[in-house]
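Working through the structure, step by step
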Number of protein chains: 2
Amino acid sequence: MVEITESEIMDALRRVNDPEIHRSIVDLKMVRDLKIQDGKVIFTLALTIPECPLRDQLAQDARLAVAALPGVKEVEVILGAMSAEERQSVLQPKPQTPAMVTNNQVKQVIAVMSGKGGVGKSMVTGLLAAALIRAGHRVGILDADVTGPSIPRLFGVHGPLIVGKAGIEPIQSRLGIKLVSINLALEKEDQAVIWRGPMISNAIQQFWKDVGWGQLEELLVDLPPGTSDAALTVMQNLPISGILMITTPQSLATMVVNKTVFMAHTLKAPIIGIIENMAGFFAEDTGHQYDIFGPGHSEEVARAANAPVLTHLPLRPELTKMCDDGMIELADVPEMSAVVTALETVSLKASHV
Amino acid sequence: MVEITESEIMDALRRVNDPEIHRSIVDLKMVRDLKIQDGKVIFTLALTIPECPLRDQLAQDARLAVAALPGVKEVEVILGAMSAEERQSVLQPKPQTPAMVTNNQVKQVIAVMSGKGGVGKSMVTGLLAAALIRAGHRVGILDADVTGPSIPRLFGVHGPLIVGKAGIEPIQSRLGIKLVSINLALEKEDQAVIWRGPMISNAIQQFWKDVGWGQLEELLVDLPPGTSDAALTVMQNLPISGILMITTPQSLATMVVNKTVFMAHTLKAPIIGIIENMAGFFAEDTGHQYDIFGPGHSEEVARAANAPVLTHLPLRPELTKMCDDGMIELADVPEMSAVVTALETVSLKASHV
């Protein structure tokens, strides 16, 4: 009778990949408590996420891989789950930052995130870039919202992007902000990019490594909603210095924003601060103030994020109009100065390390 | 000297997959104008999307596959593009609708989409479900926003989802609306689901086929923003009867919503109508009306979509509060009746075909 060994089993399991993370379940340390008894093999599969919808398929793959070995009569797979710490170490960002084209020197890469859609990530990104360039910084915006890009429209700029000696050349705004967005590469701006995750991820990485960004104090990365491919790519493949988290007063928004906070903590990405947008509406004609989206929960997000609330931006119809007209950088909103200061502080601290 | 044949080249190219669509470039009819001359092979690769960021990689893969054949001295790949019609036939929905659990009978599957985030897709979905159940329909909501699920919060319902004899049992709202959402499967509602596309796609399909929806007149599918995995899965794998397109007055929103219109047309999914949300704010204390997000562009979306504007929903702070308090179904907004009528008309037409 053939006697099966532990190392043969592990070798067989090493060929089974986690369907999400695309790495071997052995390398991911998911295989545990392996026991062999009279040809019966028992082991535990510690899942990264217990409610993983592909878990049955994964268990089946692992079972079949072991069952195929000579000497194995029976296989029992017990489904378990990793602890939060173990999961963290598995999902930790790997040093995969792609090399940029030469001559690029970006001091800080700042991700503007929310998790929730329509909270004004792109508007805040645009206003912040304008405030930074007014403060003498050299600034770029990487529009990582590949399926809903807003940046070109806000700045009233058009493509096409041209490839020069130093890589893809960003389009410059009136004030000199360097902009790259998929919409600058499309024939018509309302054309859809119907791409699955890997293509989205690839486009974002290309916007980072193949663009001639040159010398910048800040590159702002405007992210789409959600905690899927785009956010994962930015957090894992770009050298993010910190995250600005955008929220609105709605408690529903707070819940979804907190998911992104959870993600940032899981991937160990530092959160610089919270910006609350749509914080009330001031009717200039009557002087009345209306909490259209409720009284605000930014302090709650700040507690979860362990980061300060940097500023509150009220609803301003004239600002909406400037955005729609492609004139965002002409808006000089006083609330942004606190954010500029926060970024300068982070940069100073980093240069003293 | 070995003489290379056309069929050998096609066989080699058959093993090269489009990185996005995951099908052979030969099956996708991308290889054209193949010429062989003294060991030099020339052919055109007709891309589905000319600005595809992976095109160089794809061309390289094709070049290497052919270059490896004995007798080939040189390979020239010319990059071309498919016509809109050809692209459509390639991207056409395939009949892959997964079989549902037994005893399910859903008359109409309605996708609530926008492309843009934060325009109120979930709120409209909730208000519409409440209006439909008041009109005597049996209604369910499939929350396809896996990374930013809002439905449970709007209805004030909690998990866990239980698996019964007829599959996963939806949670019922106060009025009896059947609800399924990833947030009903999480331990804590602000926990993030950090999944790449295939997992998102899988979860949505599971919510369709493994749930005991029972007998329903309408299943509303609440979609996340974007035109990537979630939207593709719903449009390609669920038997969608029609799409309700949500927009807001901002012209920026219009542009992004039009991308989803473009996607719906590409995938031949019928658009039932447009709903404009956040259409102005009425200050009850002074009677003044404010176009906070601008004057509205819903007619422009309607023209692009070739579908009517069904209704306009103004901003109502008391509605925001009901949403935040989990009481959405108690709101009875008169604007929804036009949408109920539209769905009943679509259903009647379908039953007469």
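Turning our attention to the sheet that holds strand 5 (residues 139–143) of chain A. Residues and elements named next belong to chain A. Sheet architecture is open: eight strands sit in the order 8-9-5-10-4-11-12-15, paired in mixed fashion. Strands with a single pairing partner mark the edges of an open sheet, and in this sheet they are strand 8 (171–172) and strand 15 (309–312). Relative to strand 12 (residues 271–276), strand 11 (residues 242–247) runs parallel, the two sharing five bridges. Looking at the pairing, methionine 245 lines up with isoleucine 274 of strand 12. Packed on one face of the sheet, helix 4 (residues 121–134) meets strand 4 (105–113), strand 5, strand 10 (215–222), strand 11 and strand 12 and runs near 165° to strand 10.

Glancing now at the sheet that holds strand 1 (residues 31–37) of chain B. Residues and elements named next belong to chain B. Strand order in the open sheet formed by three strands is 1-2-3, and the pairing between neighbours is mixed. Of all strands in the sheet, those with a lone pairing partner are strand 1 and strand 3 (74–81), marking the two edges. For this sheet, the mean angle separating the axes of adjacent strands, direction not counted, is 15°. Taken together, the eight bridges between strand 2 (residues 40–47) and strand 3 define a ladder with parallel strand orientation. Each bridged residue has a counterpart across the sheet, and for leucine 47 the counterpart in strand 3 is alanine 81. Contacting strand 1 and strand 2, helix 1 (residues 6–14) crosses the sheet at an angle of about 135° to strand 1. The strands touched by helix 2 (residues 55–67) are strand 2 and strand 3; relative to strand 3, the strand with the most contacts, the crossing angle is about 145°.

Below, the discussion takes up the interface of chain B and chain A. If you look at the interface, chain B gives 65 residues, while chain A gives 66 residues. The set of elements that each furnish at least two residues to the side of chain B that touches chain A consists of helix 6 (197–209), helix 7 (229–237), helix 8 (251–266) and helix 10 (317–324) of chain B. A per-element tally of the side of chain B that touches chain A places helix 8 of chain B first, with 10 residues.

Frequently, the measure chosen for interface size is the accessible area removed from exposure when the parts meet. For chain A, the assigned domains are domain 1 (6–91) and domain 2 (105–351). With centres defined by C-alpha atoms, the gap from domain 1 of chain A to domain 2 of chain A works out at 40 Å.

Moving on, we get to the relation of the copies chain B and chain A. For the match of chain B to chain A, the screw axis carries a shift of 0.2 Å, the RMSD comes to 0.3 Å, and the turn is 180°. A rotation of that kind, with that shift, is consistent with a two-fold axis. A shared interface surface links the copies, since 100% of the contact residues of chain B are contact residues in chain A too.

Attention now goes to the packing of helix 1 of chain B against helix 2 of chain B. Residue and element names in this part refer to chain B. In the contact formed by helix 1 and helix 2, the axes pass within 9 Å of each other and the chain directions differ by 135°. Relative to helix 2, helix 1 is oriented oblique. By crossing handedness, the relation of helix 1 to helix 2 is classed as right-handed. Taking contact as the criterion, the partners of Ile9, Ala12 and Leu13 in helix 1 are, on helix 2, Ala62, Ala65 and Val66. Looking at the contact of helix 1 with helix 2 residue by residue, the classes come out as six nonpolar, no polar and no charged.

Turning our eyes to something else, we now look at the nonpolar core. Counting residues in hydrophobic clusters, the biggest one holds 203 residues, and the most contacted among them are Val221, Val234 and Met245 of chain A together with Val221, Val234 and Met245 of chain B. When near neighbours in sequence (up to four residues on either side) are disregarded, methionine 245 of chain B contacts Met113, Ser114, Val257, Thr260, Val261, Ile271, Ile274, Val301 and Ala305 of chain B. Core analysis: the second largest hydrophobic core is formed by 18 residues, Ile9, Met30, Ala46 and Leu58 of chain A among them.

Right, let's talk about the packing of helix 8 (residues 251–266) of chain A against helix 9 (residues 298–305) of chain A for a bit. Residue and element names in this part refer to chain A. Between helix 8 and helix 9, whose axes approach to 10 Å, the crossing angle comes to 15°. Considering the angle they form, helix 8 stands roughly parallel to helix 9. Between helix 8 and helix 9 lies a crossing whose hand is right-handed. Where helix 8 approaches helix 9, its residues Thr254, Val257, Asn258 and Val261 are matched on the opposing element by Glu300, Val301, Ala304 and Ala305. Classifying every residue of the contact of helix 8 with helix 9 by side-chain character gives five nonpolar, two polar and one charged.

Turning next to the environment of threonine 44 of chain A. All names here are of chain A. Its place among the elements puts threonine 44 in strand 2 (residues 40–47). For threonine 44 and alanine 59, which are 15 residues apart along the polypeptide, the C-alpha to C-alpha distance reads 9.5 Å. Once residues lying within four places of it in the same chain are set aside, the contact partners of threonine 44 are Arg32, Asp33, Ile78 and Gly80.

Analysis parameters
- Residues numbered from 1 in each chain as written.
- Chains lettered and ligands numbered in written order.
- Predicted model: local features only at pLDDT ≥ 70, side-chain atom pairs only at ≥ 80, totals over all residues.
- Pairing = 2+ DSSP bridges.
- Helix = DSSP H or I, 4+ residues; strand = E, 2+ residues; numbered from the N terminus.
- Contact = placed C-beta atoms within 7 Å.
- Axes fitted to C-alpha atoms, helices over the stretch in contact; angles between N-to-C directions.
- Domains from an automatic or database assignment.
- Least-squares fit on C-alpha atoms with pLDDT ≥ 70 in both.
- Parallel < 35°, antiparallel > 145°, perpendicular 65-115°, else oblique.
- Left-handed = near helix turned anticlockwise from the far one by under 90°.
- Nonpolar A, V, L, I, M, F, W, Y, C, P; charged D, E, K, R; others polar.
- Core = buried A, V, L, I, M, F, W, Y, C linked by C-beta atoms within 7 Å.
- Buried ≥ 20, exposed ≤ 12 C-beta atoms within 10 Å, placed from the backbone.

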